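Each chain, written out:
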Amino acid sequence: KGENLSILELIKEDFSNSVDCIYIDPPYNNQEKYRHYDDDLSHQQWLESISERVKVLKGFLKDHGSMWVSIDDKEMHYLKVELDKVFGRKNFITTITWEHRTTRDNRVTFSNNHEYILVYAINPKKFRSKRNLLDLTPEILNRYKNPDNDPRGAWQSVSANVQDGHAVASQYYTITSPSGKKHTPPNGRCWCFNQSKMEKEINSNNIWFGLNGDGVPRLKKFLTASKPGVTPQTFWPADKVGTTKQAKKHILKLFENQPVFDTPKPESLIKEILFIATNEGDLVLDAYLGSGTTAAVALSSTPPMTHRLTCEYPV
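Residues numbered from 1 in each chain as written. Predicted model: local features only at pLDDT ≥ 70, side-chain atom pairs only at ≥ 80, totals over all residues. Heavy atoms only, no water.

S.K.: Any chance you could explain the sheet that holds strand 7 (residues 155-159) here in plain terms?
M.R.: Pairing between sheet strands relies on hydrogen bonds along the backbone, with the strands arranged either parallel or antiparallel. The strand order across the open sheet formed by 3 strands is 7-13-12, and the pairing between neighbours is antiparallel. In this open sheet, the two edge strands, each paired with only one partner strand, are strand 7 and strand 12 (207-208). Two strands pair when backbone bridges link them, and strand 7 and strand 13 (residues 218-222) are joined in this way by 5 bridges, in the antiparallel orientation. Across the sheet, the residue bridging to Ser 157 is Lys 220, located in strand 13. (Pairing = 2+ DSSP bridges. Helix = DSSP H or I, 4+ residues; strand = E, 2+ residues; numbered from the N terminus.)

Structure (structure tokens):
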């Protein structure tokens, strides 16, 4: 427990290439003074401070490991360039936009209702194969029906034609539906399979022509054959991962009449990150521990995650 760069230097040999996910919520350099830290460095001092720590943190990550960094508009673009230098531009994964407030601030020129999370990985391909999909939502599950009582269970239909930018001649042909109606791909599109493959799919009852048997052919995608989840998106709405206001109310309720941390993150936000980036027994590191949200989520998640956390305290 202490100043985070000093602690990271002390423990880096023990935990080199062993951490699965690093999440940090560093000061945003918004020129404010808070109860537990001052956030009023010059731009260059702030950027050098973050860069120095990230360079050390990078050495903690496994090959499939990822780093997630919270930031707002003031320094986001400069930080992105600096992190590109540390990790390499090819190891940038994405920018997540978090709707951190839902109320309108009428005191300013534009009401800023979002913050960002920059995501990097040591090896993007390994991270992608390791990262978890999100649970299927009720909205997605409701798309799966079984109007033809297929013994394989519920399915949804998707287009059997695709854009023809890379098409070959064998993808242009006429399909005859069970009712005898002829179908050709729309202008600028082609069938997703060649004719031989399409006929096999039709004979295997994998093509849907509608209840009357004369509809445009569509592919049947079965729920049981689908990956058990959906790809995470880059916009995280407040109703899913919470807001800064909710986080502050939560910590005030936990520690009544105590000088609480001024800028906590909601547990639901951190839970989403750890759900995507980690599995049971994985190592999680937060070098700007703040209110301890990362520790709380890592300990309370189901299944629980192994954790090692360091914290920067004000001098």
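So that's the structure; there's more coming.
S.K.: What exactly am I supposed to notice about unusual backbone geometry here?
M.R.: Most of the time, phi is negative for any residue but glycine, and the peptide bond is trans. Even without being glycine, Asn 29 reaches a positive phi, approximately 60°. In this structure, Asn 29 sits in the loop between strand 1 (19-24) and strand 2 (32-33). Residue classification places Asn 29 among the buried residues on the basis of a relative accessible area of 1%. Of note, the phi angle at Asn 149 is positive, near 55°, even though the residue is not glycine. With respect to the secondary-structure elements, Asn 149 resides in the loop between helix 5 (138-141) and strand 7. (Buried < 20%, exposed > 50% of the residue type's maximum accessible area, 1.4 Å probe, protein only.)

S.K.: Where do I start with helix 10 (residues 293-300) in this structure?
M.R.: Helical geometry note: an α-helix holds 3.6 residues per turn, so side chains three or four residues apart project in the same direction. Regarding helix 10, the residues found buried are Thr 293, Thr 294, Ala 295, Val 297 and Ala 298. Lining the buried residues of helix 10 we find strand 1, helix 9 (267-277) and strand 15 (284-285). (Contact = heavy atoms within 4.5 Å.)

S.K.: Quick question: what am I supposed to make of the packing of aromatic side chains here?
M.R.: Two aromatic rings, taken as a pair, are described by how far apart their centres are and by the angle between their planes. Tallied over the full model, the rule gives 5 aromatic pairs. A network of ring pairs unites the aromatic residues Phe 87, Phe 92 and Tyr 120 as a single cluster. Sitting above the plane of the Phe 87 ring, Lys 58 keeps its charged end 5.7 Å from the centroid. (Phe/Tyr/Trp six-rings, centres within 6.5 Å; stacked < 30°, edge-to-face > 60°. Lys NZ or Arg CZ within 6 Å of the ring centre and 35° of its normal.)

S.K.: In this structure, what is going on with the packing of helix 1 (residues 4-15) against helix 2 (residues 43-58)? I would like to understand it.
M.R.: It is the contact of helix 1 with helix 2, at a shortest axis distance of 10 Å, that shows an interaxial angle of 20°. What the angle tells us is that helix 1 and helix 2 run roughly parallel. Classified by chirality, the crossing of helix 2 by helix 1 is left-handed. Of the residues in helix 2, those in contact with Asn 4, Leu 5, Leu 8, Glu 9 and Lys 12 of helix 1 are Glu 52, Arg 53, Val 56 and Leu 57. For the contact of helix 1 with helix 2, the residue count by class is 4 nonpolar, 1 polar and 4 charged. (Axes fitted to C-alpha atoms, helices over the stretch in contact; angles between N-to-C directions. Parallel < 35°, antiparallel > 145°, perpendicular 65-115°, else oblique. Left-handed = near helix turned anticlockwise from the far one by under 90°. Nonpolar A, V, L, I, M, F, W, Y, C, P; charged D, E, K, R; others polar.)

S.K.: When you look at the pairing of strand 1 in this model, what are you seeing that I'm missing?
M.R.: Successive residues of a regular strand alternate their side chains across the two faces of the sheet. Among the 6 residues in strand 1, 6 count as buried, and that is most of the element. The pairing of strand 1 with strand 4 (residues 61-71) spans 5 bridges and is parallel. Among the inter-strand pairings, Ile 22 is bridged to a residue of strand 4, identified as Met 67. In terms of strand pairing, strand 1 meets strand 15 through 2 bridges, oriented parallel. Its bridge partner lying in strand 15, Cys 21 is registered against Val 284.

S.K.: Just to check I follow, could you spell out the pattern of salt bridges for this structure?
M.R.: A side chain with one charge can pair with a side chain of the opposite charge if their charged atoms come near. Overall, the coordinates contain 17 salt bridges when judged by the stated rule. Between Arg 53 and Glu 3 there is a salt bridge, and its shortest N-O distance comes to 2.4 Å. Of this pair, Arg 53 sits in helix 2 while Glu 3 sits in the segment before helix 1, and the two are 50 residues apart along the sequence. The exposure class assigned to Glu 3 is partly exposed, which follows from its relative accessible area of 24%. Notably, a salt bridge pairs Lys 62 with Asp 20, separated by 3.4 Å at the nearest N-O pair. Separated by 42 residues along the polypeptide, Lys 62 in strand 4 and Asp 20 in strand 1 bring together distant segments of the chain. Lys 62 gets classed as partly exposed once you look at its relative accessible area, which sits at 27%. In this structure, a network of salt bridges that share partners links the residues Asp 20, Lys 62, Lys 130 and Asp 282. (Salt bridge = Lys/Arg side-chain N within 4 Å of Asp/Glu carboxyl O.)

S.K.: Any chance you could explain the state of the cysteines here in plain terms?
M.R.: Here is the idea: a disulfide is a covalent bond, and it sits between the sulfur atoms of two cysteines. One pass over the structure, following the stated rule, counts 0 disulfides. With no disulfide of its own, Cys 190 has Cys 192 as its nearest cysteine by sulfur position, at a separation of 8.3 Å. (Disulfide = S-S within 2.5 Å.)

S.K.: Please explain the sheet that holds strand 6 (residues 114-121) as it appears in this structure.
M.R.: Pairing in this open sheet of 6 strands is mixed, and the strands run 14-5-6-4-1-15 from one edge to the other. Strands at the two margins of the open sheet, each flanked by one partner only, are strand 14 (235-236) and strand 15. Across the sheet, helix 2 touches strand 1, strand 4 and strand 15, and the angle it forms with strand 4 is around 160°.

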